[in-house]
Every structure is written in C-alpha cells, then in structure tokens.
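Each chain, letter by letter, is given below.
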Amino acid sequence: MNDRPSWQKYFMEMAKLASKRSTCLRRHVGAILVRDNQILSSGYNGSPKNIRHCAEAGCLRQQNNVPSGEKHELCRGVHAEQNAIIQAGINGSSTKGSILYCTHQPCSICAKLIINAEITTVYIADSYPDALGEELLAEAGVELILYNPEDESLQRLI
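Here is a short report on the structure shown in this document.

As for the side chain of Arg61
Its place among the elements puts Arg61 in helix 3 (residues 60-63). Notably, Arg61 is buried but unbridged: the nearest opposite-charge side chain belongs to Glu73, and the N-O separation is 6.6 Å. In this structure the side chain of Arg61 is engaged in a polar contact, spanning 2.8 Å, whose partner is the backbone oxygen of Lys71. Apart from the residues within four sequence positions on either side, Arg61 is in contact with Arg26, Val66, Pro67, Ser68, Gly69, Glu70, Lys71, His72, Leu74 and Cys75.

Overview of the pairing of strand 5 (residues 143-148)
Here strand 4 (residues 121-126) runs beside strand 5; their pairing, made up of four bridges, is parallel. Looking at strand 5, one finds that Ile124 is bridged to Leu146. With helix 6 (residues 131-140) bridging strand 4 and its parallel neighbour strand 5, the resulting β-α-β unit is right-handed. Bridge count for strand 5 against strand 6 (residues 153-156) is four bridges, and the pairing is antiparallel. Paired with Leu146 across the strands is Gln155, a residue of strand 6.

A word on the sheet that holds strand 2 (residues 38-44)
Spatially, six strands are ordered 2-1-3-4-5-6 in an open sheet, and the strand pairing comes out mixed. The open sheet terminates on both sides in strands that have one partner only, identified here as strand 2 and strand 6. Each adjacent strand pair in this sheet contributes to an overall mean axis angle of 25°, direction not counted. With respect to the sheet, helix 4 (residues 80-90) is in contact with strand 1 (30-35), strand 2 and strand 3 (99-104), its orientation differing from that of strand 2 by roughly 135°.

About the thresholds
Residues numbered from 1 in each chain as written. Predicted model: local features only at pLDDT ≥ 70, side-chain atom pairs only at ≥ 80, totals over all residues. Heavy atoms only, no water. Helix = DSSP H or I, 4+ residues; strand = E, 2+ residues; numbered from the N terminus. Buried < 20%, exposed > 50% of the residue type's maximum accessible area, 1.4 Å probe, protein only. Lys, Arg positive; Asp, Glu negative; His and termini not counted. Salt bridge = Lys/Arg side-chain N within 4 Å of Asp/Glu carboxyl O. Polar contact = N/O pair within 3.5 Å; in protein donor to acceptor, adjacent residues only side chain to side chain. Contact = heavy atoms within 4.5 Å. Pairing = 2+ DSSP bridges. Right-handed = clockwise from strand over helix to strand, strands pointing away. Axes fitted to C-alpha atoms, helices over the stretch in contact; angles between N-to-C directions.

Spelled out as structure tokens, the structure:
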C-alpha cells in the first residue's frame, strides 16, 4: 500500500502550512511556487519587512468596511502569491514555467503578477470573489485549477 501523497496534495499541504505564518487579521493565505516538482519559494500574507503587523497597527480593510474582493490596495499586507514571487526573485530563481499552489484564488493584482512572472498553472484550495482576476488569467492562458484535498479531485476553472 502506498501512502505517499500526490504532488498536488504535497504542495497544497505546504501552502496550508505557510498560511499559518500569516499576520493578516481577516484571512490566512499561503503559497508555494514549484517547478519540476521542486520548491522555488514560499509566501504568506502579511505586512512588509520592518513594518508593524496588522495586529499592532490595525486592519485598514476592517476599519473602512471594505468588502472581500474589493479595493486590494487598501491593505498594509503583501499577498502570499506576491511574497512567493518576490522570494523567488530575491533568491535568483526564475518563475518562468512554474506552478503556484495557493490556499486561495488569486486577486486581480496577484493575477497580473502571476501572468508577468510567466507562471503557467495555479492550483487553489478555495475560491475568492474576484471576476477580474479570473478574466485576466483566462485571457493570458494561465490554468486555474480548484483542488479538493479530501478526495483529491481537480476542477479546471479556466
């Protein structure tokens, strides 16, 4: 009997683990950037380096009653996908042709970064209400796949 997890389960579990480092008060998101089944980088959502965490400074989105999926610029935090792409760059790893595993569906800002980073596929565990993000990924030909860790089913969203 083989109890080894599939690659999708393996990397999504790592993304979930990364999300536990999140400093966001509203949503904990983790991301793992992979090429040829090798991890390039990881990221989670939280305040930039040397900036107070939201637990100390307060959440701008909560203070301004910003609904989920809107006005992403009104946030102190850097998204998990952004941090994974940034870390790959800092460490000198090309993202071209890589796969992103993320606990949540990318927003439109992250979608634009994913497209320009030449990431080909994004696996997500949870959806997120951002139609523009989906539209951009679809137009650029980036696959968006919903992964269900319970039964390991895959559903191509775009």
